[in-house]
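Topology and contacts: notes
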Amino acid sequence: MRVTRKAAALGAATALLAGGLLAGSPAAAAPVAACTGEQLSATGADRIDSTRVRFTVVNDGPTCRLQGFPTVALSGQGSPDRNAPLRVVPRGEARPVVLSQGASASTVLTFTPVLGEADGYCASGAEPTTAPSLVVGIAGMGFQVAPSDGGRFALCGNTVRATAFR
């Protein structure tokens, strides 16, 4: 009789384990949806030095996944059709960043510097470009941001280097 009861108990435990009904068994994690532009907000463009700014977004919605590099354009100064897209040169590897509600992720944008004082000049001989704001694109949304110090963005050429969001 004892052997039969042990066998029955062992069979029941095996069935519970196989069915995943045992308390404390790990459940398969559901994939995290990609962030949408509507659930993100921009905190601004914090100037790190004369050639770099940090652009940060905050997740205002449910947990989501953000991955990749932004698009960047000089603002059209009141008219989106006058935005001047910049060529983005990616720096580093783009890995998924999972953002819970209220969490943030940042990218660092680096511009070719304008040299000299006042009007300045470009080492390449190109004309320096300035703009009061940038349009940074991520997750299907364009965020218009100004430098945190109230200045203007100044660059030589039409290229910006960007790190992946972290």
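Scroll up to find the structure this text is about.
The present account deals with the structure reproduced in this document. (Residues numbered from 1 in each chain as written. Predicted model: local features only at pLDDT ≥ 70, side-chain atom pairs only at ≥ 80, totals over all residues. Heavy atoms only, no water.)

1. Some thoughts on the layout of surface pockets
Roughly 180 Å³ of volume is contained in the largest pocket. As for the largest pocket, its lining consists of 14 residues, and the residues nearest its centre are S50, P113, V114, G116 and A154. (1 Å grid on protein atoms, 1.4 Å probe; cavity = no way out; pocket = protein on both sides within 12 Å on 5 of 7 lines; lining within 4 Å. Points joined across faces, edges and corners; volume = space filled by probe spheres on them.)

2. Thoughts on the pattern of salt bridges
Think of it this way: side chains of opposite charge can pair up when their charged atoms draw near. For the structure shown, the criterion picks out three salt bridges. Between R52 and D49 there is a salt bridge whose closest N-O contact spans 3.1 Å. We classify R52 as partly exposed; its relative accessible area is 31%. Classification of D49 by relative accessible area gives partly exposed; the value is 30%. The shortest N-O distance in the salt bridge between E93 and R95 comes to 3.5 Å. The partly exposed category is assigned to E93, whose relative accessible area is 49%. For R95, a relative accessible area of 44% corresponds to the partly exposed category. (Salt bridge = Lys/Arg side-chain N within 4 Å of Asp/Glu carboxyl O. Buried < 20%, exposed > 50% of the residue type's maximum accessible area, 1.4 Å probe, protein only.)

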